[in-house]
Amino acid sequence: MRTIALLTDFGNDCYIGIVKGVILSINQVNIVDIIHKITPQNIIEGSFILYNSYRYFPKNTIFLVVVDPTVGSKRNPILIKTKDYYFIGPDNGILSLSAKENGIKKIILLENKKYFLNKISNTFHARDIFAPVAAYVSKGENISNFGKEIKDIEELEFNKPKIEKNNLIGEILYKDSFGNLITNIRKKNLLNFINNKKFIAYINNKKITKIYDYYSQAKENELFFIENSFQLLEISVKNKSAAEYLNIKNRTKKIFIQVLNL
Amino acid sequence: MRTIALLTDFGNDCYIGIVKGVILSINQVNIVDIIHKITPQNIIEGSFILYNSYRYFPKNTIFLVVVDPTVGSKRNPILIKTKDYYFIGPDNGILSLSAKENGIKKIILLENKKYFLNKISNTFHARDIFAPVAAYVSKGENISNFGKEIKDIEELEFNKPKIEKNNLIGEILYKDSFGNLITNIRKKNLLNFINNKKFIAYINNKKITKIYDYYSQAKENELFFIENSFQLLEISVKNKSAAEYLNIKNRTKKIFIQVLNL
Amino acid sequence: MRTIALLTDFGNDCYIGIVKGVILSINQVNIVDIIHKITPQNIIEGSFILYNSYRYFPKNTIFLVVVDPTVGSKRNPILIKTKDYYFIGPDNGILSLSAKENGIKKIILLENKKYFLNKISNTFHARDIFAPVAAYVSKGENISNFGKEIKDIEELEFNKPKIEKNNLIGEILYKDSFGNLITNIRKKNLLNFINNKKFIAYINNKKITKIYDYYSQAKENELFFIENSFQLLEISVKNKSAAEYLNIKNRTKKIFIQVLNL
């Protein structure tokens, strides 16, 4: 049975249940939630989670990805066939990093209304366009039937850490549900930068001086870096929320990390 | 494979997982969550979401609907067979609008303990009565075996907008997870009322003067109406929560919208 | 189709979606969420929910249970085969009460890397170790292939109510999503203690004097005991959150209940 995996900013409301109803009305497929708690309208955050999740899914999984602040306006609904997967969603950049990494084979502009619900709202294309198209893809429909091939999509990149005036400057890309703060700095970036010397990192007037291998290595109430499961440095406090400790509320607040090479 | 769709006020607790365990112990069926974040004990809100969701599900879906403030007391557990669906839950009005719209064929009072768990608690009939009955329905059990046929159920209606002293008076039926406020006013109600003239709507001392076609049409920090995916007017603010903007906390606070026909 | 049931403290983040992707990449199994809102790192709370949920699942269900504050350090990953089930998770006590009640048949230390993902992180063994092992168990792999048999596991017990100076002293084990407060006192403990006389229970300077049979029996704003679906006394307020009423924030705050036998 094919898998359709869902990633949205729909929260815990009924919208995702309705999307599942539409899919199951067309095909008895296996539906999996990746996350629905993307910060509303935050395309960068959605792109970050998709990029760190998609590779763990079975080949031929269909990703239905909807963070869609311009729903109903002129932005295009698209389907991207990559080497191993299908990505369906609005052409606002959210799909680009994952699709490019996996290898884009074909991009289809979704325009054949035969595969949409009869009545298309201006506020809920996940229900009216993306869900039925995903269901028909899972049934093996030839993707050329959904619309014409296009060559370009909106692109989006995450900021990379940079070195300025002998400082390594990074930022927070994501706050997870434990309150861990995932940065855009890789462990090897930091190790190369400090070159076996000590370091001090500053964030919100607090200091970090350690990289630990696992959470329980840390002392109580000590901020530390750890290489997380996305292979990025994450700022943590043992058995606590680093976000609360640092008073960071938004999931993707840009906070600069200044690392001094002592 | 048959679908059982769940709608409850059980939140993110373990209760819904237990319900799924009970169902799967009886039949390997496809279980879908519609929503579990109904405001606790709010039958009207549950009825509203069921009414706007059920029609998107496959024919023969079994809806297990539990918002049940009088669990354990004399309210009846019922099963309603409609033209296309089965609705199971407490007879407190939550099922009535959806069942009536789809066309009621038969109402069964659930009283045959053969189809319940062995021990019936006074606090968790979703686990002890509704889940096993839903599972046996999905296995094709003749519904007459669950209990005697009854003719009447509790009914429930949403308030309709009304015209008083040259004002159109509506109310908020639902606050969604984006903070959009769904009203009981249809776009055509408002267009008929204003008859090509301008209007001002007042809500919590703030004004609305526009109906937009899609979210991104609006200016920053501007309250506006939009026809939502339930074909009701919704009060929104672009890329923000209208509920926070208007300081509305409850999902179903009754707030009157007064529309002046200028 | 086999069932894998998930119980974690991963919240509403993407981590549980990734775990599901890993499982489905290995076997097309039925995945059910029990709960993901365990208070982060709270092993006792996770153990309590598992103990009150597992028996409702089909025989041969595989429970993947991850509340894992010492992930990446020396704590062992284990698989327990019991009379009816399989339990997989960290050996930190979370599995012990449920496995012992159902009857432990064999305990395996998970050490055969053939059944893990290629790269093992120090922060996400649910993805890298527990999910693939659960998937291979669901495919019927001989459990002896996962590692060597061991004889002992970490154990964990809930505090029991006790009688001191003519008082019955209990505590809160869990705050559910309705705000009901589940105690460690059984109804028969209290009935035996008061022996047909009246009682007063004190909690946070408020009094309870009644045990009701169902929620709607209570008066407005009255604290009461009710025997809940786990067969424990629960402190409730009709149509309200007892936790908010008593200003209890944590899910498992230890609050002593002093019952006077009048």
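The rules behind these values
- Residues numbered from 1 in each chain as written.
- Chains lettered and ligands numbered in written order.
- Predicted model: local features only at pLDDT ≥ 70, side-chain atom pairs only at ≥ 80, totals over all residues.
- Heavy atoms only, no water.
- Helix = DSSP H or I, 4+ residues; strand = E, 2+ residues; numbered from the N terminus.
- Buried < 20%, exposed > 50% of the residue type's maximum accessible area, 1.4 Å probe, protein only.
- Contact = heavy atoms within 4.5 Å.
- Areas by Shrake-Rupley, 256 points an atom, 1.4 Å probe, with all protein chains shown as cover.
- Lys, Arg positive; Asp, Glu negative; His and termini not counted.
- Charge placed at Lys NZ, Arg CZ, Asp CG, Glu CD.
- Phe/Tyr/Trp six-rings, centres within 6.5 Å; stacked < 30°, edge-to-face > 60°.
- Pairing = 2+ DSSP bridges.
- Axes fitted to C-alpha atoms, helices over the stretch in contact; angles between N-to-C directions.
- Buried area = accessible area lost by both parts, 1.4 Å probe.
- Salt bridge = Lys/Arg side-chain N within 4 Å of Asp/Glu carboxyl O.
- Polar contact = N/O pair within 3.5 Å; in protein donor to acceptor, adjacent residues only side chain to side chain.
- Nonpolar A, V, L, I, M, F, W, Y, C, P; charged D, E, K, R; others polar.
- Expected span 1.5 Å × (residues − 1).
- Least-squares fit on C-alpha atoms with pLDDT ≥ 70 in both.
- Arc of directions from axis to C-beta.
- Parallel < 35°, antiparallel > 145°, perpendicular 65-115°, else oblique.
- Left-handed = near helix turned anticlockwise from the far one by under 90°.

Attention shifts here to the overall build of chain A. Of the regular secondary structure elements, chain A holds six helices and 17 strands. Within chain A, buried positions represent 63% of all 262 residues. The contacts of chain A with a sequence gap of at least 6 include a subset with a gap of at least 24, amounting to 66%. Summed over all atoms, the accessible surface of chain A reaches about 10800 Å², with 45% contributed by carbon and sulfur. Across chain A, the centroid of the 38 positively charged side chains sits 2 Å from that of the 25 negatively charged ones.

This part takes up the packing of aromatic side chains. Evaluated as defined, the whole model comprises 57 aromatic pairs over all chains. Ring centres 5.4 Å apart and planes at 75 degrees place the aromatic pair Tyr15 of chain A and Phe124 of chain A in the edge-to-face group. Of this pair, Tyr15 of chain A sits in helix α1 (residues 15-26) while Phe124 of chain A sits in the loop between β6 (104-109) and α4 (125-138), and the two are 109 residues apart along the sequence. Ring geometry for Phe10 of chain B and Phe178 of chain C: centres 6.3 Å apart, planes at 65 degrees, overall edge-to-face. Highlighted residues: Phe10 of chain B in the loop between β1 (3-8) and α1 (15-26) and Phe178 of chain C in the loop between β9 (167-175) and β10 (181-183), drawn from two different chains. Each member of the pair, Phe10 of chain B as well as Phe178 of chain C, carries the same accessibility label: buried. Aromatic ring contacts, followed pair by pair, group Phe10, Tyr15 and Phe124 of chain A together with Phe48, Tyr51, Phe158, Tyr174, Phe178 and Phe230 of chain B into a single cluster.

Let's shift gears to the sheet that holds strand β3 (residues 62-66) of chain C. All names here are of chain C. Strand order in the open sheet formed by seven strands is β2-β1-β3-β5-β4-β6-β7, with mixed pairing between adjacent strands. Either end of the sheet is taken by a strand with one partner, and the two such strands are β2 (30-35) and β7 (149-150). Two elements, β3 and strand β5 (residues 86-90), share three bridges in a ladder whose sense is parallel. Directly across from Phe63, in β5, lies its bridge partner Phe87. With respect to the sheet, helix α4 (residues 125-138) is in contact with β1 (3-8), β3, β4 (77-82) and β5, its orientation differing from that of β3 by roughly 170 degrees.

Here we take up the interface of chain B and chain A. Facing 33 residues of chain B, the contacting portion of chain A comprises 29 residues. Taking both partners together, chain B and chain A bury about 2500 Å²; carbon and sulfur atoms supply 58% of that area. At the junction of chain B with chain A, the criterion picks out zero salt bridges. Along the contact surface separating chain B from chain A lie 12 residue pairs in polar contact (both at pLDDT 80 or more). The set of elements that each furnish at least two residues to the side of chain B that touches chain A consists of β2 (30-35), α2 (43-53), β9 (167-175) and β14 (223-227) of chain B. The dominant element in the side of chain B that touches chain A, judged by the number of residues it contributes, is β2 of chain B, at five residues. Across the side of chain B that touches chain A, the residue classes break down as 15 nonpolar, 10 polar and eight charged.

Okay, the environment of Arg186 of chain A next. All names here are of chain A. Its location among the elements puts Arg186 in the loop between β11 (181-183) and α5 (187-194). Residue classification places Arg186 among the partly exposed positions, given a relative accessible area of 34%. What Arg186 contacts, discounting residues up to four positions off in sequence, is Phe230, Gln231, Leu232 and Leu233.

Turning to the sheet that holds strand β4 (residues 77-82) of chain B, a few remarks are in order. Residues and elements named next belong to chain B. Pairing in this open sheet of seven strands is mixed, and the strands run β2-β1-β3-β5-β4-β6-β7 from one edge to the other. With one partner strand each, in any of the chains shown, β2 and β7 (149-150) form the two edges of the open sheet. Packed on one face of the sheet, helix α4 (residues 125-138) meets β1, β3 (62-66), β4 and β5 (86-90) and runs near 170 degrees to β3.

This paragraph deals with the interface of chain A and chain C. Every contact between the two is made by 33 residues of chain A and, on the other side, 29 residues of chain C. Together chain A and chain C conceal approximately 2500 Å² of surface at their shared face, both sides included; 58% is due to carbon and sulfur atoms. When the buried area of chain A at its contact with chain C is split by residue, Tyr56, Phe178 and Ser229 of chain A rank highest and sum to 25% of it. Scanning the region where chain A abuts chain C turns up zero salt bridges. Joining chain A to chain C, the criterion identifies 12 residue pairs in polar contact (both at pLDDT 80 or more). Class assignment of the residues belonging to the side of chain A that touches chain C gives a composition of 15 nonpolar, 10 polar and eight charged.

Let us look at α1 of chain B. Spacing of three or four residues puts side chains on the same side of an α-helix, whose turn is 3.6 residues. All names here are of chain B. Helix length check: α1 (12 residues) gives 17 Å between terminal C-alpha atoms against 16 Å at 1.5 Å per residue, within 8%. Along α1, 11 of the 12 residues are buried, which leaves the element largely enclosed by surrounding structure. Every buried residue of α1 is accounted for by Tyr15, Ile16, Gly17, Ile18, Val19, Lys20, Gly21, Val22, Ile23, Leu24 and Ile26.

Right, let's get into the relation of the copies chain A and chain C. Of the transformation superimposing chain A on chain C, the axial component is 0.0 Å and the angular component is 120 degrees, with the fit at an RMSD of 0.0 Å. On this basis, the relationship between the two copies can be described by a three-fold rotation axis.

The next thing to look at is unusual backbone geometry. Residues and elements named next belong to chain C. In this structure, Asn204 is a non-glycine residue whose phi angle is positive, near 45 degrees. Counting through the fold element by element, Asn204 comes out in the loop between β11 (199-203) and β12 (206-208). Non-glycine residue Asn221 carries a positive phi angle of around 60 degrees. Considering the arrangement of structural elements, one finds Asn221 in the loop between β13 (211-212) and β14 (223-227). Assessed through its relative accessible area of 38%, Asn221 is described here as partly exposed.

Residue and element names in this part refer to chain A. Within this structure, the stated rule accounts for 39 salt bridges over all chains. Here Glu101 makes a salt bridge to Arg55, at a shortest N to O gap of 3.1 Å. With a gap of 46 residues between them, Glu101 in helix α3 (residues 96-102) and Arg55 in the loop between α2 (43-53) and β3 (62-66) connect regions that are remote in the sequence. What emerges from the salt-bridge pattern is a single network uniting Lys59, Lys83 and Asp84.

Side-chain positions along a regular strand alternate between the two faces of the sheet. All names here are of chain B. Judged by how many residues are buried, β5 sits mostly within the fold: five of five residues are covered. Across five bridges, β4 lies against β5 in antiparallel orientation. Pairing of Ile78 across the sheet is with Gly89, part of β5. The loop that links β4 with its antiparallel partner β5 comprises three residues.

Residue and element names in this part refer to chain A. Among the five residues that make up β3, five are buried, leaving the element largely enclosed by the rest of the structure. Burial along β3 is two-sided: the residues Ile62, Leu64 and Val66 and Phe63 and Val65 are all buried. Pairing between strand β1 (residues 3-8) and β3: five bridges, direction parallel. In the strand pairing of β3, Ile4 is matched with Ile62.

All right, on to helix α5 (residues 187-194) of chain B then. All names here are of chain B. Of all the positions in α5, only Leu190, Phe193 and Ile194 are classed as buried. Viewed along the axis of α5, the buried residues span an arc of 85 degrees, placing them on a single side of the element. Opposite the buried face of α5, by more than 90 degrees, sit the exposed residues Lys188 and Asn192. Looking one or two places after α5, you find Asn195, whose phi comes out positive at around 50 degrees.

What follows concerns the packing of helix α1 (residues 15-26) of chain C against α4 of chain C. Residues and elements named next belong to chain C. It is at 8 Å that the axes of α1 and α4 come closest, and there the two elements cross at 40 degrees. Classified by the angle between their axes, α1 and α4 sit oblique to one another. Remark: the crossing between α1 and α4 carries right-handed chirality. Only Ala126, Arg127, Ala131, Pro132, Ala135 and Tyr136 of α4 make contact with α1, whose side of the interface consists of Ile18, Val19, Val22, Ile23 and Ile26. Here the contact of α1 with α4 is built from residues that sort into 10 nonpolar, no polar and one charged.

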